[in-house]
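Structure at a glance
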Amino acid sequence: MSANFHPLIYFIDYLFGMIMWTLIGRVAMNIFQKEDSEFFFMKIFVKYTDPLIKIFKPITPSFIIGPLVPLYVAWFFYMIRFYFMPWVLGYSVMGMLSFPLESEISKQIYQLFNSIKF
């Protein structure tokens, strides 16, 4: 964590990031599996994302096809993470707090591949 933000800010962003990526994962998994599939990972994706999809149902347009609804809900979490959180925290630059979860993951991947000598 490179910036000096309160740990609660990181916790909220990590939580929203995991929710966002789980919803995106459900859409990706739905390309290969039906939602009522017996495949373990699909069951987990559906089990943990269905409550969120039900919460967002009143603001979900009816023209969006069912398999893409989780992507629509993930878009809200993206917007919260990229625009709303920095605005609430008073940053004038949007990139100030944008995506610490993904930054940490990319740093770890870079360190892993940097340590491997080809």
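Structure: see above.
Residues numbered from 1 in each chain as written. Predicted model: local features only at pLDDT ≥ 70, side-chain atom pairs only at ≥ 80, totals over all residues. Heavy atoms only, no water.

Some words on the side chain of Thr49
Mapped onto the elements, Thr49 comes out in helix 2 (residues 40-55). Among the residues examined, Thr49 registers a relative accessible area of 1% and is labelled buried. Polar contacts involving the side chain of Thr49 include one to the main-chain carbonyl oxygen of Phe45, which spans 2.5 Å. Dropping the residues within four chain positions of it, Thr49 is found in contact with Thr22, Leu23 and Arg26. (Helix = DSSP H or I, 4+ residues; strand = E, 2+ residues; numbered from the N terminus. Buried < 20%, exposed > 50% of the residue type's maximum accessible area, 1.4 Å probe, protein only. Polar contact = N/O pair within 3.5 Å; in protein donor to acceptor, adjacent residues only side chain to side chain. Contact = heavy atoms within 4.5 Å.)

A few points about the pattern of salt bridges
Under the counting rule described, the total for this entry stands at four salt bridges. We note a salt bridge from Arg26 to Glu35, for which the minimum N-O separation is 3.0 Å. Judged by its relative accessible area of 2%, Arg26 falls in the buried class. For the salt bridge of Asp50 with Arg26, the shortest nitrogen-to-oxygen distance reads 2.9 Å. Here Asp50, found in helix 2, pairs with Arg26, found in helix 1 (residues 7-32); they are 24 residues apart in sequence, far enough to count as distant. A single salt-bridge network, built from bridges that share partners, covers Arg26, Glu35 and Asp50. (Salt bridge = Lys/Arg side-chain N within 4 Å of Asp/Glu carboxyl O.)

Here's the deal with the packing of helix 1 against helix 4 (residues 100-115)
At a minimum axis distance of 8 Å, the contact between helix 1 and helix 4 shows a crossing angle of 80 degrees. Here helix 4 runs roughly perpendicular to helix 1, going by the angle between their axes. The residues of helix 4 that touch helix 1, namely those facing Tyr10, Asp13, Tyr14, Gly17, Met18, Met20 and Trp21, are Pro100, Leu101, Glu102 and Glu104. Partitioned by chemical class, the residues of the contact of helix 1 with helix 4 number seven nonpolar, one polar and three charged. (Axes fitted to C-alpha atoms, helices over the stretch in contact; angles between N-to-C directions. Parallel < 35°, antiparallel > 145°, perpendicular 65-115°, else oblique. Nonpolar A, V, L, I, M, F, W, Y, C, P; charged D, E, K, R; others polar.)

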